[in-house]
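One letter stands for each residue in the lines below.
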Amino acid sequence: MAYAPSEEPVALKILVAGGFGVGKTTLVGAISEIRPLRTEEVLSDRGVGVDDVDGVEGKTTTTVAMDFGRITIREGLVVYLFGTPGQERFWFMWDELSYGALGAVVLADTRRLTDCFPSIDYFEQRGTPFIVAVNCFDDADKHEPDDVRVALDLDPDVPVLLCDVRRRASAKVVLVTLVEHALKTLTAAQRK
Amino acid sequence: MTEPQWLDEDAGPIVRPYALTGGRTRSSGDDFDLISIVTAVEGRRADEGPLGPEQRRILAIAREPMSVADIASEIDLPLGVVRVLLGDLHDHELISVRPPAQVAPLPSERILKEVINGLRAL
């Protein structure tokens, strides 16, 4: 007898990363109902030398806002999108965010390609499946995905695509590409 | 004429967030993942133990299974604070917490195919 599929609700986590102002919030908002999520992080040694606390030595917490979206695939199957805070000083949050994540979309802006290097390094090191989505800003020169792949020195199996995160249809393609890539990674791992 | 307002919402909360937790920033709820599913335990009465209004609200929200991130967004409190409150509720056995399914590395192929089709259909 076939094993009955679990009726327990399933929640999946997808991260949206990339530099400041690259369109993370827009992407999450184009495809899902975006909602605010605040974290009140306790400043610890990790902030020393990063957070300038001169004059506010009594300040022990700092508020970080995250983009948070939810897509209900069906009852009991929900995809959560989390926009990772772009600035490096919030990196301490990434480990938590990426734990158990299905995969990540790294948004890139060809005018500031270096901004997404840290995200790519991070997901490569953690072995989190990721894709690179090049957000086509109106005033940026168009680049072919392969040029971006070379510039970012990506592995050949990492999907690179152009997108316009303001458009829902484009945001959909981005997410589908990521989940397909995660599925490919999964089946490749099972074959080993 | 309306009463003069001393503070509006832009001024931020009047009560510092961790005042709600008695100043505690750590609890047994620290390990709850953002998408762990919280469910209020049926049959347990919310008036058991010294619960604050925020914790009662969490119990009301979590009558249906609800993720940690959803709860934090819903009651508009920072995650760290919500985790402390959830830790208390868990210690009092008023909620059950289920870690996300895919922690063992990835969810099943069947689920992912369903997600792909669902996204395409949006």
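Since the structure is predicted, the reported quantities are computational estimates derived from the model, not experimental observations.

Some points on the overall build of chain B
Moving on, step 1. For chain B, the count of helices and strands is four helices and three strands.
Moving on, step 2. Taking all 122 residues of chain B together, 37% fall into the buried category.
Moving on, step 3. Contacts spanning at least 24 positions in sequence make up 76% of the contacts within chain B whose residues lie at least 6 apart.

Here's the deal with the interface of chain B and chain A
Moving on, step 1. Contacts between chain B and chain A engage 32 residues on the former and 33 residues on the latter.
Moving on, step 2. Residue assignment for the side of chain B that touches chain A shows that the elements contributing at least two residues are α2 (68-75), α3 (79-91) and α4 (109-120) of chain B.
Moving on, step 3. Considering each element in turn, the side of chain B that touches chain A owes the most residues, nine residues, to α4 of chain B.

A look at the sheet that holds strand β2 (residues 66-67) of chain B
Residues and elements named next belong to chain B.
Moving on, step 1. A sheet is described by the order of its strands in space; here three strands give the open sequence β2-β1-β3, paired in antiparallel fashion. The open sheet has two free edges, formed respectively by β2 and β3 (95-98), since each of these has just one partner strand.
Moving on, step 2. Relative to β3, strand β1 (residues 37-40) runs antiparallel, the two being bridged by four bridges. Along β3, the bridge assignment pairs isoleucine 37 with arginine 98.

Structural notes on unusual backbone geometry
Moving on, step 1. The phi angle at aspartate 153 of chain A is positive, at roughly 55°, despite the residue not being glycine.
Moving on, step 2. Unlike most non-glycine residues, aspartate 76 of chain B shows phi in positive territory, near 55°.
Moving on, step 3. In this fold, aspartate 76 of chain B is placed in the loop between α2 and α3.

Regarding the nonpolar core
Moving on, step 1. One finds Ile14, Val105 and Val106 of chain A together with Val68 of chain B to be the most contacted residues of the largest nonpolar core, which totals 78 residues.
Moving on, step 2. With residues near it in sequence (within four places) discarded, valine 68 of chain B still touches Phe32, Asp33, Leu34, Ile35, Ser36, Val38, Val82 and Leu86 of chain B.

With respect to the pairing of β1 of chain B
Moving on, step 1. In this structure, β1 of chain B lies alongside β2 of chain B, joined through two bridges in antiparallel fashion. Residue pairing across strands places isoleucine 37 of chain B opposite serine 67 of chain B, the latter belonging to β2 of chain B.

With respect to the packing of helix α5 (residues 168-191) of chain A against α4 of chain B
Moving on, step 1. Contact geometry for α5 of chain A and α4 of chain B: axes closest at 9 Å, N-to-C directions at 165°. Taken together, the axis directions place α5 of chain A and α4 of chain B in an arrangement best described as roughly antiparallel. Remark: the crossing between α5 of chain A and α4 of chain B carries left-handed chirality. Contacts between α5 of chain A and α4 of chain B involve Lys172, Leu175, Val176, Val179, Glu180, Ala182, Leu183, Leu186 and Thr187 of chain A on the former and, on the latter, Glu109, Leu112, Val115, Ile116, Leu119 and Arg120 of chain B.
Moving on, step 2. Classifying every residue of the contact of α5 of chain A with α4 of chain B gives 10 nonpolar, one polar and four charged.

Some thoughts on helix α3 (residues 117-126) of chain A
Spacing of three or four residues puts side chains on the same side of an α-helix, whose turn is 3.6 residues.
Residues and elements named next belong to chain A.
Moving on, step 1. Those residues of α3 not exposed but buried are Ser119, Ile120, Tyr122 and Phe123. Considered in projection along α3, the buried side chains sweep an arc of 160° and stay on one side of the axis. The exposed set on the far side of α3, more than 90 degrees from its buried face, consists of Asp121 and Gln125.
Moving on, step 2. Against the buried residues of α3 lie β1 (10-18), α2 (94-98), β5 (103-108), β6 (130-135) and α4 (145-152).
Moving on, step 3. Phi turns positive, to about 75°, at glycine 127, one or two residues after α3.

Scoring rules and cut-offs
Residues numbered from 1 in each chain as written. Chains lettered and ligands numbered in written order. Predicted model: local features only at pLDDT ≥ 70, side-chain atom pairs only at ≥ 80, totals over all residues. Helix = DSSP H or I, 4+ residues; strand = E, 2+ residues; numbered from the N terminus. Buried ≥ 20, exposed ≤ 12 C-beta atoms within 10 Å, placed from the backbone. Contact = placed C-beta atoms within 7 Å. Pairing = 2+ DSSP bridges. Core = buried A, V, L, I, M, F, W, Y, C linked by C-beta atoms within 7 Å. Axes fitted to C-alpha atoms, helices over the stretch in contact; angles between N-to-C directions. Parallel < 35°, antiparallel > 145°, perpendicular 65-115°, else oblique. Left-handed = near helix turned anticlockwise from the far one by under 90°. Nonpolar A, V, L, I, M, F, W, Y, C, P; charged D, E, K, R; others polar. Arc of directions from axis to C-beta.

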